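# A look at the structure
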Amino acid sequence: MSTEISRLSAEWQVWLVENLALGVTREEACRTLVGAGVSEAVALEEVARVEAHPFYQACQRLGRRYGWLESVMDVYSELHRQSGGHATLERREKLSSDEFFGRYYFGHRPVVLTGMMADWPALGRWSLPYLAERVGDVDVEVMTGRDTNPDHAPESDKHRSTMSFRDYVRMVATGGETNDYYMVPRNENWQRDGLAPLRDDVRAPAGIIDEALRPDMMTLLLGPAGTVTPLHHDNMNVLLAQVMGRKHVKLIPSFQRHLMYPRYGTFSHVDAERPDAERFPLYAETHRVEAVLEPGDLVFIPVGWWHWVRALDVSASVTFHHFKVPQGNTYLPTPH
C-alpha cells in the first residue's frame, strides 16, 4: 500500500505559501515536500496551484517588502558590528545628560550607568526586614504559580495573586532560589498609596528622568534569587535601577527581530539561557551583550531592544519610563 498522500494537509499548505512568498524556489519547495512523503507529481501540482492563486500573489508582494526590510536591518546589524557595539555593553560613570541623550537615547544604544544613585535613601535602607516594617500591612499583587506555566509572562492575568507585603517578603526570605513568584511591573504596586514610604526612598537620575516621579512613572520589581524575565522587548524606552541584590542581563538589538523567532508580539521562542541551536539557528547570528548589575547600577534599555534578566540574589529594582527629553520630543543641539 502506498504511503504517498494525494494532497497537502492544512499545515503543509501554510508552510508552502509562506516559504514560496519568502523566496524559496519551486525546486527547493518540491524537494522538501517529497522528503515529507508527497509524490513529486503532487508536489509540482501543489506548487503550481499556489502560484496561480491571487491570495498567494498578494503574499508574494508582502514577502518582497519583508525581504527589503530585512535587508535594511542587516545593514544596521553590520554597521553595529563595525562600530564595536556588538562586543560589549558600555558602562559609563556619572554620564552627563547631554551625552546620555545624544549618544544613547537618540543613538538607540544601551548603556549601564554608574554613580547616579548615590543620593538614593533606598540604597542604604532597603532590605527585606525594612520593607516588611515600613509597608508590611499594605496589600500588594504578585505573580504566582509561574513554574507550572512556561507562558506565564504573556499569560500574566492567570497568575495574579493578592497578599500582604509582609507575607510576600516572608515568601522571598524563606523560599530559596525560585522563579515561581515575582512582583513585576504588570502588578502596578507602585501606584498604591500605601507604598508612598518606598517611593520617598527613590530619586530621579538627574537630568535624565522627569523629577516629578508620579507613581505611574515608575514600577517596582521584587523577588527571590532565580526569578527570570524571559526574552522580550518593550514598546518604550526603559531605565532600570538596581537597588538590592544583583541581576544578570542580556540584550539584543531591536533591528535583529528577524533573528529572534517572535511570539505573542513582544516575546521570543528562544530561551536565552539555553538556546536551542537546532530549532532556532538564526539566533546564533544575533549581537548579544550582557552585564551583571550591582546595587547602584542603572541600565538603559532602548525601545524595541530584546532583553532577558535573571536575579542572582534576592533582588529589588525600580524602572522608569518618563525621560526628561531635551526640547520635548525632539533633540536640538545647543546653538553656538
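It should be noted that the structure appears before, not after, this text.
Before going into details, it helps to say that this report is about the structure given with it.

## Comments concerning helix H7 (residues 128–135)
Of all the positions in H7, only Leu128, Tyr130, Leu131, Ala132 and Val135 are classed as buried. On its buried side, H7 packs onto helix H6 (121–125), helix H8 (165–174), helix H9 (196–199), strand S5 (218–223) and strand S7 (238–244).

## What about the packing of aromatic side chains?
Evaluation of the coordinates by the stated rule reveals 16 aromatic pairs. Seen from their ring centres, Tyr105 and Phe323 are 5.2 Å apart, and the 55° between their planes marks the pair as tilted. Here Tyr105, found in helix H5 (residues 97–105), pairs with Phe323, found in the segment after strand S14 (315–320); they are 218 residues apart in sequence, far enough to count as distant. Of the two residues examined, Tyr105 and Phe323, each falls in the buried class. Plain terms: the ring middles of Trp120 and Phe320 are 6.0 Å apart, the flat faces sit at 85° to each other, and that makes the pair edge-to-face. Placement of the pair is Trp120 in the loop between strand S2 (111–114) and H6 and Phe320 in strand S14, with a sequence separation of 200 residues. Judged on exposure class, the residue Trp120 and its partner Phe320 are both buried. Clustering of aromatic rings is evident, with ring pairs tying together Phe100, Phe101, Tyr105, Phe106, Phe300 and Phe323.

## Things to note about H5
Of all the residues in H5, the buried ones are Phe100, Phe101, Tyr104 and Tyr105. Across the axial projection of H5, the buried residues extend over an arc of 110°, all falling on one side. Buried residues along H5 sit against strand S1 (91–93), S2 and strand S12 (298–301).

## So, empty space enclosed by the protein
Throughout the structure, instances matching the rule amount to 1 cavity of 30 Å³ or more. Space inside the largest cavity adds up to approximately 40 Å³. Lining the largest cavity are Leu240, Val249, Leu251, Val299, Ile301, His307 and Val309. For the lining of the largest cavity, the secondary-structure elements that each account for two or more residues are strand S8 (247–252), S12 and strand S13 (306–311). Broken down by class, the residue content of the lining of the largest cavity amounts to 6 nonpolar, 1 polar and no charged.

## Looking at unusual backbone geometry
One non-glycine residue, Leu213, lies in the positive phi region at around 45°. Checked against the element boundaries, Leu213 lands in the loop between H9 and S5. The class of Leu213 is buried, set by a relative accessible area of 15%. Positive phi is not limited to glycine here, since Tyr261 has a value of about 50°. Topologically, Tyr261 is positioned in the loop between S8 and strand S9 (262–263).

## Overview of the side chain of Ser164
Locating Ser164 in the fold gives a position in strand S4 (residues 160–164). Side-chain polar atoms of Ser164 contact the backbone nitrogen of Asp167, separated by 3.0 Å. Every residue in contact with Ser164, bar those within four places of it in the chain, is listed here: Gly136, Val138, Asp139 and Val140.

## Examining the nonpolar core
The biggest cluster of nonpolar side chains holds 53 residues, and the ones touching the most others in it are Phe100, Trp126, Leu131, Phe165, Phe320 and Phe323. The residues contacting Trp126, other than those within four sequence positions of it, are Leu131, Trp190, Leu198, Asp201, Val202, Leu220, Val243, Met244, Ala316 and Val318.

## Here we look at the packing of helix H2 (residues 26–35) against helix H3 (residues 40–52)
Interhelical geometry of H2 versus H3 gives an angle of 135° and a closest axis separation of 9 Å. On the basis of their axis angle, the class for H2 and H3 is oblique. Relative to H3, the crossing made by H2 is right-handed. Facing Arg26, Ala29, Cys30, Leu33 and Val34 of H2, the residues of H3 in contact are Glu40, Ala43, Leu44, Val47 and Glu51. Split into classes, the residues belonging to the contact of H2 with H3 amount to 7 nonpolar, no polar and 3 charged.

About the cut-offs
Residues numbered from 1 in each chain as written. Predicted model: local features only at pLDDT ≥ 70, side-chain atom pairs only at ≥ 80, totals over all residues. Heavy atoms only, no water. Buried < 20%, exposed > 50% of the residue type's maximum accessible area, 1.4 Å probe, protein only. Helix = DSSP H or I, 4+ residues; strand = E, 2+ residues; numbered from the N terminus. Contact = heavy atoms within 4.5 Å. Phe/Tyr/Trp six-rings, centres within 6.5 Å; stacked < 30°, edge-to-face > 60°. Arc of directions from axis to C-beta. 1 Å grid on protein atoms, 1.4 Å probe; cavity = no way out; pocket = protein on both sides within 12 Å on 5 of 7 lines; lining within 4 Å. Points joined across faces, edges and corners; volume = space filled by probe spheres on them. Nonpolar A, V, L, I, M, F, W, Y, C, P; charged D, E, K, R; others polar. Polar contact = N/O pair within 3.5 Å; in protein donor to acceptor, adjacent residues only side chain to side chain. Core = buried A, V, L, I, M, F, W, Y, C linked by side-chain atoms within 4.5 Å. Axes fitted to C-alpha atoms, helices over the stretch in contact; angles between N-to-C directions. Parallel < 35°, antiparallel > 145°, perpendicular 65-115°, else oblique. Left-handed = near helix turned anticlockwise from the far one by under 90°.

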